[in-house]
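Fold and geometry: a report
Chain by chain, the residues:
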Amino acid sequence: MAKIDWHRDVDGYSDEGERAKRAFHREAKARLKKLAADLGLAPGTYDLRTNLAGPASRGETTLHGERIYVQVGGLMNQIMFRTCKGRKDYTGGHNNFTAVTALDEPSRLAAMVARIMG
């Protein structure tokens, strides 16, 4: 996977910022897809979506399965993960957070997420 500076400022106010924002989300999506595979989620049993948001915001990329919700980015540029009850449950269980750099350690991230899934 490509190396990325997860903390780089990204915005939509310049061409460079827009490219950086799209690269951030492209990499986040690729790594969340790998996380889904590491968790044993079969294709079609989860949604993978990106909200680029407005020019002043980082936006977020989300993995939303039947029992797990994982979101990268947002205001604090972290990974938030929690349990959920289906793909229409947008509030779910207690929020858990880890550094966005955990995307660089897929087995560690998968273990953290699997732990709350039970």
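Details of the structure are given in the entry above.
Remember, predicted model here, so these are calculated numbers, not experimental data.

A separate point is the sheet that holds strand β2 (residues 60-65). Strand order in the open sheet made by the 5 strands is β1-β2-β3-β4-β5, with antiparallel pairing throughout. Both edges of this open sheet fall to β1 (46-51) and β5 (96-99), since each of them pairs with a single strand only. Between one strand axis and the next, the sheet turns by 15° as a mean value, whatever way the strands run. Along the sheet, helix α1 (residues 15-38) contacts β1, β2 and β3 (68-73); its crossing angle with β2, the most-contacted strand, is approximately 20°. In the packing of helix α2 (residues 106-117) onto the sheet, the strands contacted are β3, β4 (78-83) and β5, and the crossing angle to β4 comes to about 30°.

Take the pairing of β4 next. Here β3 runs beside β4; their pairing, made up of 6 bridges, is antiparallel. When the sheet's bridge partners are listed, Tyr69 is paired in β4 with Arg82. What sits between the antiparallel neighbours β3 and β4 is a turn of 4 residues, in which Gly74 has the positive phi angle 75°. For β4 and β5, the ladder comprises 4 bridges, and the chain directions are antiparallel. When the sheet's bridge partners are listed, Met80 is paired in β5 with Phe97.

Scoring rules and cut-offs
- Residues numbered from 1 in each chain as written.
- Predicted model: local features only at pLDDT ≥ 70, side-chain atom pairs only at ≥ 80, totals over all residues.
- Heavy atoms only, no water.
- Pairing = 2+ DSSP bridges.
- Helix = DSSP H or I, 4+ residues; strand = E, 2+ residues; numbered from the N terminus.
- Axes fitted to C-alpha atoms, helices over the stretch in contact; angles between N-to-C directions.
- Contact = heavy atoms within 4.5 Å.

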